[in-house]
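# Inside the fold
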Amino acid sequence: MSEPETKPTRIPPIVTLDAKFFWDGADREEFLGERCGDCGHYTFPPRPMCPQCFSLKREHVPLSGRGTVVGWTIPRHPMPFGFKESPVVAVIELEEGIRMVSNVVEVAYEQMKPGLPVQVAFAPTMNNHKVPVFKPRSA
Amino acid sequence: MARQFTEAAIAGIGHTEFSKASGRSELQLAAECAKAACDDAGVSPHDIDGMITFTIDNSDEVNLARCLGVKDLAYTTRIPGGGAAAAATLYQAMAMVNAGLCNNVLIWRAMNERSQYRFGQNPQQQQMQYQSGNGTGSLLWCVPYGAMTPASWGALQAAAYMHQYGVTNRDLGYISVQQRAYAANNPHAWFYGKPITLEDHQNSKWIQEPWLRLLDCCQESDGGVAILVTSLARARDLKQKPVRLVGAAQSIPYNVEVISNYYHADLTVMPEARGVAKRLWAQTGLSPADMQAAMIYDAFSPHVLLQLEAFGFCKPGEAKDFVKSGGMSLDGALPTNTNGGLSGEAYIHGMNSMIEGVRQIRGTSHNQVKRRKVEHVLLSSGMAGAVLAAD
C-alpha cells in the first residue's frame with residue numbers, strides 16, 4: 001500500500017470460530033498456522049479435528065512465512081470489489097507443506113511464474129483488520 | 001410395495017426457454033419445466049413420488065409439489081456442490097428407483113441467474129457467508145484477496161494444469177468455437193445462429209488473465225430444466241423411448257473442494273473426476289471407447305480438458321490436441337456438448353447439457369450423432385457422472 005493516508009478498501013476476512021486464531025494473528029502481523037498437538041500434522045484450511053490422528057488438540061504455531069507460487073490469476077472483469085487495480089491472486093505453497101490463497105504484491109504481472117519464491121507480508125483491510133499477503137523474495 | 005432391485009430409466013425431459021430475463025418467478029420456471037418433463041413422459045405430475053434438486057435451488061419442495069398437485073411425496077433430497085454435482089441428481093434418482101423406494105422421481109433446477117442475481121459478478125453482502133452444503137469454502141478464503149467470482153476460482157484451479165502442459169488460451173478457443181457451432185444449430189440455444197471464430201475468441205476480453213477470456217466462460221441464464229426418472233419396466237410403457245440409467249456415481253476425494261480446489265495433492269489433475277470415472281467404469285463394465293458422445297460440465301473451458309483426461313479419453317496433457325483436431329465434433333472421436341454446452345446453449349447449472357445426453361440416445365438432438373449408433377452417452381459434471389444407454 002503506497003498511500004497509507006487513504007483508507008483501506010480491501011474486504012475484511014470472514015471469520016469463523018475455527019479460523020479466528022489465524023485472522024486474530026494477522027491483525028497483530030503474526031502469521032500463524034494450525035498444527036496437530038499430538039501428531040504434528042499441519043492443516044489448512046484450519047479445522048477442529050486432525051484428519052490424520054483425529055486429535056482435537058490444536059496448536060497455533062508461527063509459520064515460516066516462506067513459500068512458492070503454485071498458480072496465479074489476474075482478475076480483470078469484474079474488477080474485484082475493493083481493488084482499484086487488478087490484484088495478483090495466487091495459490092501459495094508454504095514451506096510447512098500447506099497451501100493457501102493470497103495475493104502476491106509488489107510484483108510485475110510478467111514476473112509471475114510457478115515456483116516464484118515469496119515471503120509473507122501484511123495488508124490492511126476495511127474495519128482495521130489485516131490479512132497475510134506475499135512479496136517476492138530471493139530464493 | 002415389496003422392495004427389490006429395480007432398473008432405472010429416464011422417461012421424460014423438459015425445459016423452459018433459456019433467456020436473460022424470464023420475467024417470472026423461479027418457482028414458476030420450476031413448475032413449468034417439471035410439467036414439461038411429465039408431459040414428455042406421459043406421466044401425471046400428481047403421481048410424482050420423489051423430488052430432487054440442488055441445495056442452492058431457491059424453490060421449496062413443498063411449494064413446487066403444491067403447484068404440481070403431487071398427491072403423496074415419498075422421498076425428497078438435495079445434492080450439495082452446485083453444478084459440479086449436477087449429475088449426482090441422477091445418481092440419487094437411480095438409487096431411489098433401484099432400491100424400490102420411488103416410482104416417479106422428479107429432478108429439477110430452475111433459476112433466474114441472470115435477471116435476479118449473477119454468479120459472475122462480485123458477491124452481494126448476504127452471499128458472502130459460508131453456506132454448508134455448497135461444498136466450498138471459497139468465499140471464506142478467497143474474498144479478501146479479490147477472488148470473488150467462480151471464474152477467478154476456476155482460473156486459479158486451471159492455472160497449474162495449463163502451465164504444466166503449456167495449454168494456451170488460444171488452445172481453449174477450439175472448445176468455445178466447437179460449442180458455439182453446435183449452439184448455432186440448436187434453436188433452444190441462446191446463441192442460436194451465432195457461431196464464433198477463433199479470432200472472436202481471441203478478441204474477447206480477459207476475465208482472468210492469462211487464462212480465461214469471456215468466451216471461455218459459461219453464460220449467465222434464466223431458465224429451468226427437469227428430468228423424470230422411473231423404472232425401466234414402467235418407462236417401456238410410457239411415451240418416449242426409455243433411456244436407461246445404467247450407472248451413476250459421485251466422488252469427493254480427500255481435500256477436494258468444489259471449485260476453490262487448491263488443497264489436494266496434484267493440482268494438474270481433477271481427482272474428483274478421476275474418482276467418478278473409476279466408479280462409473282467399474283459399475284458399468286464400460287470404458288471410454290464405448291461412449292458415442294459426452295456432455296461435460298463446462299463452466300470454464302479448461303475444465304472440459306481436465307475431465308476428458310480424467311475419464312481416460314485423452315492422456316494427461318493431450319486433451320488440448322484432441323480438441324484442436326476436432327475430437328469434440330460430430331465427426332470426431334467423442335462428440336461433446338452437442339447442445340452448445342453451458343457457454344453456447346445456456347447455464348442451467350449443468351442440467352441442460354444432461355438432457356442433451358438423453359436426446360442423443362433418443363436420436364432427437366439438433367446435432368444428432370449419426371456416424372455411429374448412439375448406445376452410450378457419458379454425462380460428467382466433475383464431481384458426479386452418469387452413463388446413459390439405449391434400451
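Residues numbered from 1 in each chain as written. Chains lettered and ligands numbered in written order. Predicted model: local features only at pLDDT ≥ 70, side-chain atom pairs only at ≥ 80, totals over all residues.

## Examining the overall build of chain A
The secondary structure content of chain A amounts to one helix and eight strands. Shown N-terminal to C-terminal, the secondary structure of chain A runs as helices and strands in the order α-β-β-β-β-β-β-β-β. Relative to the 2.2 N^0.38 estimate, which gives 14 Å for 139 residues, the radius of gyration of chain A is 16 Å and therefore close to what a compact globule would have. Counting only contacts in chain A whose residues sit at least 6 apart along the sequence, the fraction spanning at least 24 positions is 52%. (Helix = DSSP H or I, 4+ residues; strand = E, 2+ residues; numbered from the N terminus. Rg over C-alpha atoms; globule rule 2.2 N^0.38 Å. Contact = placed C-beta atoms within 7 Å.)

## Let's talk about the packing of helix α1 (residues 26-41) of chain B against helix α2 (residues 61-68) of chain B
Residue and element names in this part refer to chain B. At a closest axis distance of 10 Å, the pairing of α1 and α2 adopts a crossing angle of 55°. Taken as axis vectors, α1 and α2 run oblique relative to one another. Every pair of crossing elements has a handedness; the one defined by α1 and α2 is right-handed. Across from Leu27, Ala30, Ala31, Ala34 and Lys35 in α1, the residues of α2 making contact are Asn63, Leu64, Cys67 and Leu68. (Axes fitted to C-alpha atoms, helices over the stretch in contact; angles between N-to-C directions. Parallel < 35°, antiparallel > 145°, perpendicular 65-115°, else oblique. Left-handed = near helix turned anticlockwise from the far one by under 90°.)

## Focus: the UniProt feature "domain: ChsH2 C-terminal OB-fold" (unreviewed entry) in chain A
With numbering aligned to this structure, UniProt lists the feature "domain: ChsH2 C-terminal OB-fold" (unreviewed entry) at residues 61-122 of chain A. In residues 61-122 of chain A, the share of helix is 0% and the share of strand is 50%. The end C-alpha atoms are 17 Å apart. (UniProt positions renumbered as here; feature names shortened; annotations may be inferred.)

## Considering the pairing of strand β4 (residues 66-75) of chain A
The side chains of a regular strand alternate between the sheet's two faces. Among the 10 residues in β4(A), seven count as buried, and that is most of the element. Examined bridge by bridge, β4(A) and strand β5 (residues 88-94) of chain A share six bridges and lie antiparallel to one another. By the bridge assignment for β5(A), Thr68(A) is matched with Glu93(A). Here β4(A) pairs with strand β5 (residues 206-209) of chain B via two bridges, running antiparallel. (Buried ≥ 20, exposed ≤ 12 C-beta atoms within 10 Å, placed from the backbone. Pairing = 2+ DSSP bridges.)

## Thoughts on the interface of chain B and chain A
If you look at the interface, chain B gives 32 residues, while chain A gives 30 residues. Looking at the side of chain B that touches chain A, the elements that each hand over two or more residues are α4 (138-142), α5 (150-165) and β5 of chain B. Broken down by element, the side of chain B that touches chain A gets its largest block of residues, six residues, from α5(B). Considered class by class, the residues forming the side of chain B that touches chain A number 21 nonpolar, nine polar and two charged. (Nonpolar A, V, L, I, M, F, W, Y, C, P; charged D, E, K, R; others polar.)

## Remarks on the UniProt feature "domain: Thiolase C-terminal" (unreviewed entry) in chain B
Mapped onto this structure's residue numbering, the UniProt feature "domain: Thiolase C-terminal" (unreviewed entry) falls at residues 264-377 of chain B. With 39% helix and 5% strand, residues 264-377 of chain B has its two end C-alpha atoms placed 29 Å apart.

## Points about the packing of α5(B) against helix α10 (residues 302-310) of chain B
All names here are of chain B. Orientation of α5 relative to α10, taken along the N-to-C sense of each, is 55°, at an axis distance of 10 Å. One element, α5, and the other, α10, form an angle in the oblique class. Once α5 is placed against α10, the crossing between them reads as left-handed. When α5 is examined against α10, the residues Gly154, Ala158, Tyr161 and Met162 are found in contact with a partner set consisting of Pro302, His303 and Leu306. Grouping the constituent residues of the contact of α5 with α10 by class yields five nonpolar, two polar and no charged.

## What about the sheet that holds strand β2 (residues 42-43) of chain A?
Residue and element names in this part refer to chain A. The antiparallel open sheet is built from three strands, whose spatial order is β2-β1-β3. If you trace the sheet from one side to the other, it starts and ends with β2 and β3 (58-62), each paired once. With five bridges connecting them, strand β1 (residues 32-36) and β3 associate as antiparallel partners. Considered in β3, the bridge of Glu34 is made with His60.

## Describing unusual backbone geometry
Residues and elements named next belong to chain A. Each neighbour pair has its own omega, and for Phe44 with Pro45 the value is -10°, a cis peptide bond. Assignment of secondary structure puts Pro45 in the loop between β2 and β3. Residue Pro78 is reached from His77 by a cis peptide bond, and omega for that bond is -5°. The topology assignment puts Pro78 in the loop between β4 and β5. The phi dihedral of Phe54 is positive, around 70°, even though this residue is not glycine. By the C-beta count within 10 Å, which is 10 here, Phe54 ends up exposed. One non-glycine residue, Glu106, adopts positive backbone phi at about 55°. Structurally, Glu106 can be placed in the loop between β6 (99-104) and β7 (117-124). C-beta crowding within 10 Å serves as the criterion here: with 12 such atoms nearby, Glu106 is assigned to the exposed category.

## A few points about the environment of Ala87(B)
Residue and element names in this part refer to chain B. Summarising the element assignment, Ala87 is placed in the loop between β3 (75-79) and α3 (88-98). Exposure remark for Ala87: the 31 C-beta atoms within 10 Å place this residue in the buried category. Measuring from C-alpha to C-alpha, the distance between Ala87 and Leu388 comes to 11 Å, with 301 residues separating the pair along the chain. When neighbours within four sequence positions are excluded, Ala87 is seen to be in contact with Ala248, Met354, Leu379, Ser380, Ser381, Ala384, Gly385 and Ala386.

## Observations regarding α2(B)
Residues and elements named next belong to chain B. Every buried residue of α2 is accounted for by Leu64, Ala65 and Leu68. Buried positions in α2, seen along its axis, are confined to an arc of 100° and lie on one side of it. Looking at α2, the residues exposed on the side facing more than 90 degrees away from the buried face are Val62 and Arg66. In the segment just after α2, Gly69 is the residue with positive phi, at about 65°. (Arc of directions from axis to C-beta.)

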